[in-house]
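Below, each chain spelled out in residue letters.
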Amino acid sequence: MNTILRTQLAGAGKRPARMLLTGLAVLVASFVVYATVLAQQITERSVLNGLSGTPEATDLVVRGGEVTTGDLTAIGRLPGVAETVARAENGIPLGAGYLVIATDPGSGPLSTVKVTEGRFPAATGEVAVTPRTVERMDLPVGSTIPVKPEGGKPGTLTVVGVVQPRDDVGFLAYGSLDTLDAATGHAFIDRLEVRLDPGADARAVRDGIAPLVAGESPAEFVTGSEARHEEARAAAAEVEQLFIVVRVFVAVAVAAAGLIAASTFRIVFAQRMRQLALLRAVGAGRGALARALAAEGALTGLLAGTTGVLGALALGHPLPPAVSLFGLELSGPGLPLIEAAGTVLLAVVITVLAVLAPAFSAARVAPLEALRSAATSGAKQGIGWFRAVVGLLFAVAAAGMAGLVWRNLPAPDEQDYPAETMMLSVVGSGFLAFIALIALGPVLVRPILAIAGRPLRMLGPVGRLAVGGVGGSTRRAAAVSVVVALGVTLITGVLVGGDSIRVLANREAVASAPADFQVEGAPGSALPAGLADRAARSPEVTRVVAYRRVPEVKVGDMEGGTATDLSTAALPRLSELDVRSGSVAGLAPGRAVAAGYLELRTGDQVTVSAKGKQVRVTIAAVLGGSTPLRTEILLDPADLTALGAPVAPTGVLADAATAGEDGRTSALRALQGVTGAGSDVRVEVLADQRDQVDSALAVLMTIALALISLTVLIAIVGVGATTALSVVERARESGLLRAVGMSRGGLRGMLTTESALYGLIGAVLGVALGVPYAWLAVSAIGLNAPLTLPVWQLVAVFVLLVALTALAGVMPARKAARVSPVTALGTD
């Protein structure tokens, strides 16, 4: 055994390039695993250090109780207290919006803002606003804000500075506690933050504060560190949830690396069949030979894992300093040694598991048969009956589970639907289908190749030889293409599912935010005369649409609803409404459009009543969610008038005439100017809601595709490694082709085309699996999302995958073309 092991390890040491190719997929997987560990540490440390709302200098936080200005003074005089800050906030109406005023010291260790222009307020009646508030509410330094506190006299606030907080929401100002009280009439203190003198006794200070803040509700005392960690844990919990998902995709990538490693080991052992046969001929047992090959695999895993960990460290530690050059502060990842050792151990386990089947298969070959045979296991055709039966059983099980999910899909708006159970069933069915694909892959390669190879055969000898090279080793083609198919299946699922969710989100956003701006007064009250006309004449806004709304409407048995007569033809976005049945165009006197949750059907008659008046209408259409502007029923203007709606409009919708933040700000100011100061009319920026939805979906899609790309990356590495090993295995064939007249360019083209065919086969299988499973998952999740097919995105993914796999074969093809025919023909 020792002699055989030394022989195998010595042979591996003489061919480090072959060992590198064999372990390349595992190396990439190890890099991904450890890079994920470092990324999580960087993220969590950055969250803990930078995303807590409590300043780092806070030693004691007091929540609840009853605190007055006099109490603050008394607390500040307690022995050991260096500084006390009262946190409070309240809102005031400003023009057609609201301005939130919060307290902050403005400087010092307990401040949460930084002055960027002017100065921080020093007297009662002075405020500093955030940069976005300056733009949105037109409040530059020097401007005044009219205030009318509850129970007090009207007054003004003066903007004396601009400050940058951690989060700029666009309607935020800072000032003193006295300023907040003077502006709103209320200055309820939410919490106190206390900074102690060095060496002060925190318990003694706490005991001194307790009687001063005692009230009907007991005060809660926590240390500043505890408060920061509570806030940070809440943020870190979201990070942890994200990295749970990350680890799932990393596990998929590791599994893909194992499949690639098994395929490459099988090819390498096939190339060394003559050497293995000689060892068998001189007395090496099957078990000893198999164990020696497994030990070689373990060594490969050790080297690949170590290299992957070192590569991740080399990238992870310089990252925070590099990012800091762009103004973003990140914490360093440290040196997680236990995770590093675990990653290397995982790489060894993957390679040992991957090498077992090829090793035992190679060790079973009889010495004489191996010496005579010129074929390799990688070139075997078809599959045995046992593998076929196993593959068919898994395929039937996958189809049965998918059929069970399909039969139990929820009805629209069904309650208490077990969405998690159904989604797990979809995942289980997909897993069974992938196992079936692994087993039946060699059988599926030929029909795909027969169709895809037709245009290639028309290109001449190079195309025909490429198709023949892939078709001549269907097991190898299937082993590589299945991993590509896994990545394509996941990408297809994300694209199809994401597009369906995007369409659903857009439809819901259309119902709640059909325009950029909404202008309304008190519920049910008419707008000032001529407001809609003045808004329509403003060059900063466009598509001004007036409507009426009636609150406290009873629709059938449902009370507390709202009705509107908004024209669905007036705004382009309303054409995207989620119409479940009927047609919105059928809206007319006596006919209405109903929200889906009212459980009405097209053609039903329902009584709508409000304030003692009622109308009888027939449902012309039913929407998937609410009707526009979060209402329950959409009526014809004549029917809404019969319910007692005022003749004048109660609201106006409008879009910004110019796209972008500047155009939106100009339109907002124009509408605020139209409404006039001191009125009850408010302008709401509905476009911000749409932006939040679009931004959230874009982030989720980006994260999901980035994670799935790990599997695709490993698949592409596998294609490159397989092509490189195939070049070594087929050196004599390449030499013969060159000897009979094939040019170097022709040989390069043939091998590159073979690599592209691996990607093409995998892309076809991946799309064929990904689309139906994505539709099934979208239906099973119970969101009533439509089933869509982003054709151009799928085409782009298909073409990109084929191009990347072709690119993976370029370097091996160039290497093969550089070898002279005489040298290649002399290769054993």
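Our subject is the structure listed above.
The sections below set out a description of the structure shown in this document. Here the structure is a predicted model, which means the values were calculated and not measured. (Residues numbered from 1 in each chain as written. Predicted model: local features only at pLDDT ≥ 70, side-chain atom pairs only at ≥ 80, totals over all residues. Heavy atoms only, no water.)

**Topic: the packing of helix H14 (residues 419–457) against helix H15 (residues 461–471)**
The angle between the axes and the distance between the axes are what describe a pair of packed helices. Between H14 and H15, the least distance of the axes is 9 Å, while the angle of their chain directions is 165°. By the angle between their directions, the pair H14 and H15 is classed as roughly antiparallel. Like other packed secondary-structure pairs, H14 and H15 cross with a definite hand, here right-handed. Contacts from Arg 446, Leu 449, Gly 453, Leu 456 and Arg 457 in H14 reach Gly 463, Arg 464, Val 467, Val 470 and Gly 471 in H15. (Axes fitted to C-alpha atoms, helices over the stretch in contact; angles between N-to-C directions. Helix = DSSP H or I, 4+ residues; strand = E, 2+ residues; numbered from the N terminus. Parallel < 35°, antiparallel > 145°, perpendicular 65-115°, else oblique. Left-handed = near helix turned anticlockwise from the far one by under 90°. Contact = heavy atoms within 4.5 Å.)

**What to know about a nonpolar patch on the surface**
Together, Leu 789, Val 791, Trp 792, Val 795 and Val 799 make up a nonpolar patch on the protein surface, roughly 520 Å² of accessible area in all. As for its placement among the helices and strands, Trp 792 is situated in helix H23 (residues 791–808). Owing to a relative accessible area of 72%, Trp 792 belongs among the exposed residues under this scheme. (Patch = residues over 30% accessible without salt bridge, like charges linked within 9 Å, V, L, I, M, F, W, Y side chains within 5 Å. Areas by Shrake-Rupley, 256 points an atom, 1.4 Å probe, with all protein chains shown as cover. Salt bridge = Lys/Arg side-chain N within 4 Å of Asp/Glu carboxyl O. Buried < 20%, exposed > 50% of the residue type's maximum accessible area, 1.4 Å probe, protein only.)

**Quick notes on the sheet that holds strand S1 (residues 60–63)**
Spatially, 4 strands are ordered S2-S10-S1-S11 in an open sheet, and the strand pairing comes out antiparallel. At either margin of the open sheet sits one strand with a lone partner, and together these are strand S2 (81–87) and strand S11 (220–223). On average, each strand axis in the sheet is inclined to that of its neighbour by 20°, with strand direction left out of account. Here S2 pairs with strand S10 (residues 191–196) via 6 bridges, running antiparallel. Its bridge partner being in S10, Glu 83 is matched across the sheet by Arg 195. Here helix H3 (residues 69–76) sits on the sheet in contact with S2 and S10, set at roughly 160° to S2. Taken strand by strand, helix H6 (residues 202–209) contacts S1, S2, S10 and S11, and its axis lies near 25° from that of S1. (Pairing = 2+ DSSP bridges.)

**Details of the nonpolar core**
If you look at the biggest cluster of nonpolar residues, it comprises 40 residues, and the most contacted ones within it are Val 470 and Ile 761. Of all the secondary-structure elements, those providing two or more residues to this core are H14, H15, helix H16 (474–512), helix H20 (687–729), helix H22 (744–780) and H23. Here the element with the most residues in this core is H16; it accounts for 12 residues. Residues in contact with Ile 761, not counting those within four places in the same chain, are Val 445, Ile 448, Leu 449, Val 470 and Ser 481. (Core = buried A, V, L, I, M, F, W, Y, C linked by side-chain atoms within 4.5 Å.)

**Structural notes on unusual backbone geometry**
Positive phi is not limited to glycine here, since Asp 138 has a value of about 55°. Checked against the element boundaries, Asp 138 lands in the loop between helix H4 (131–137) and strand S7 (144–147). Accessibility expressed as a relative area gives 43% for Asp 138, which makes it partly exposed. For Glu 599, which is not glycine, the phi dihedral falls at a positive 60°. Within the secondary structure, Glu 599 sits in the loop between strand S17 (591–594) and strand S18 (605–610). Judged by relative accessible area, Glu 599 falls into the exposed class, the value being 71%.

**Quick look at the pattern of salt bridges**
One pass over the full model with this rule turns up 11 salt bridges. Arg 549 serves as the salt-bridge partner of Glu 520, at 2.9 Å between the closest nitrogen and oxygen. Separated by 29 residues along the polypeptide, Glu 520 in strand S12 (residues 517–520) and Arg 549 in strand S14 (residues 549–555) bring together distant segments of the chain. Among the ionic pairs, Arg 548 bridges to Asp 565, the shortest N-O distance being 3.0 Å. In this pair, Arg 548 sits in the loop between strand S13 (541–547) and S14 while Asp 565 sits in the loop between strand S15 (558–564) and strand S16 (579–582), placing the two residues 17 residues apart along the sequence. It is possible to trace a salt-bridge network through shared partners that takes in Arg 87, Asp 104, Arg 191 and Glu 193.

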